[in-house]
Amino acid sequence: MTRGELGARCGLSRTTLYEVAGRLVDSGLVIATVPDTGRRRPGRPAEKLALNPAVGRLLGIDFGRRHVRLAAITAAGDEISTVGGTHSPAAPWSERIAVARRLAAGLTGTVPRLGPLGDVGVAVADPATVSLAADGDRALADMLGRSLGARVRLGNGPRLAALAETVWGAAKGLTDVLYLELSDRVGGGLVTGGALHRGAHGRSGGFGHILAEAAGAPCSCGGRGCLQTVASTTAVLDAYRAAADLPQLAAALSAGEEAAHAVVRRAAIHTGRVLAGLAKALGPSMVVVGGELVTLGPPLMKPLENEVRANALTYRSPPEMPVRRAELGDFAAAVGAASLLQSPSDAASIPSA
């Protein structure tokens, strides 16, 4: 855009806008070019300002129980690169950070400071960590900042996956999206008006602890019958004891084993009912379902969609609300962490020491 176009968008005074734009150009983060229109008019042509693609990339890191995944987005937001590695579930933070630094060096060609503005987006699974309400949480954020040599923006992994699917994935271009993740943990996020909903204490998206089955199995949260107890990867595999992992369960589904289909259908129906209730209350324009369990495909997604359609599409719900499978796969949280740097209001910024 030209400076005039930017001024019309952001409402800054001409003096302030020119000062800010000048500092960005001087720093190399922004470049100013004169477009070749083919026709010359009297006077100096207006310069166009754009992010400098050579400066660096926005980096997101997803620290999981057994993995570290990275996503880098070009400053102009037109390309995503990803890379991942694994570690032991008992690995200390120092080892996980070392994996992240090694992967980052290969992905960006440099060692942090990684983002063009010196920020790194970080996704973690535990909402308590994201809230930064306790000294231990802040200690983790400070440690990450010091170890990565950058300012750290923390976010909840499933909620950042919701952001990623809205910006880059199945719900691209929409502003009101409900996202549910079915993995070892069941969680999600809500994007409303184009922004992530965090809740008063940064713990929104705990959809896995909505009641799904009255008098059901005990849940780690202390309740019973939560969606986590019927639709997490662990719960589904425990219910179908003939499979040790998802590929074996998928093979059983492909072979037409009725017991496998019954277990997956049960999880899908309970999930669909929970999603239908959420859709009635929140009114999203799309529901996106992600996580490793969706790799089971139609045996899960078809009964899930049918259940949402049967229970949510009333006179209070628009019939055009679709249910879509997530598109970004294992790297959704890392992509969301990087996207957070483009719109950072969702998480706290913790400066490096």
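Right, let's walk through the structure included here.

The rules behind these values
Sequence positions are assigned chain by chain, starting from 1 and proceeding in written order. Confidence filtering applies because this is a predicted model: local features only for residues at pLDDT of at least 70, side-chain atom pairs given and counted only at 80 or more, and all residues used for totals across whole chains, interfaces and linings. Based on all heavy atoms of the structure, the side-chain values leave hydrogens and waters out of the count. In this description, strands pair whenever DSSP reports at least two bridges between them. Every helix listed is a DSSP run of H or I at least four residues long, and every strand listed is a run of E at least two residues long, numbered separately from the N terminus. Buried Ala, Val, Leu, Ile, Met, Phe, Trp, Tyr and Cys residues form a nonpolar core when they are joined through side-chain atoms within 4.5 Å. Working definition: with a 1.4 Å probe on protein chains only, accessible area under 20% of the residue-type maximum means buried, over 50% means exposed, and in between means partly exposed. Contact criterion: two residues are considered in contact whenever any of their non-hydrogen atoms come within 4.5 Å of each other. Working definition: rings of Phe, Tyr and Trp (its six-membered ring) pair if their centres are within 6.5 Å, and the pair is stacked with planes under 30 degrees apart, edge-to-face with planes over 60 apart, and tilted otherwise. Only lysine NZ and arginine CZ atoms are considered, and such an atom sits over a ring when it is within 6 Å of the ring centre and within 35 degrees of the ring normal.

One open sheet holds the 5 strands; their spatial order is 10-9-8-11-12, and the pairing between them is mixed. The sheet is open, and its two borders are formed by strand 10 (195-196) and strand 12 (323-325), each paired with just one other strand. With 5 bridges connecting them, strand 8 (residues 177-182) and strand 11 (residues 286-290) associate as parallel partners. Residue L178 lies in a different strand from strand 11, and its bridge partner there is V287.

Now for the nonpolar core. One broad rule of soluble globular proteins: the nonpolar side chains tend to lie buried together. With 39 residues, the main nonpolar core has L182, L227, L249, L275, V289, L296 and L300 as its most contacted residues. Per element, the largest residue contribution to this core is 10 residues, and it comes from helix 10 (residues 258-282). Those residues in contact with L296 that sit more than four places away from it in its chain are L246, L249, A250, L253 and V264. Ranked by size, the runner-up nonpolar core spans 20 residues in total, among them I61, A72, V99 and A104.

Under the definition given, this model contains 1 aromatic pair. Consider the rings of F63 and W93, whose centres lie 5.2 Å apart with planes at 75°: the pair is edge-to-face. Of this pair, F63 sits in strand 3 (residues 57-63) while W93 sits in helix 3 (residues 93-108), placing them 30 residues apart in sequence. What makes F63 buried here is its relative accessible area of 4%. Note that R3 overlies the ring of Y18, its terminal NZ or CZ placed 5.5 Å from the centroid. One cation-aromatic arrangement involves R96 over W93; the distance from NZ or CZ to the ring centre is 5.5 Å.

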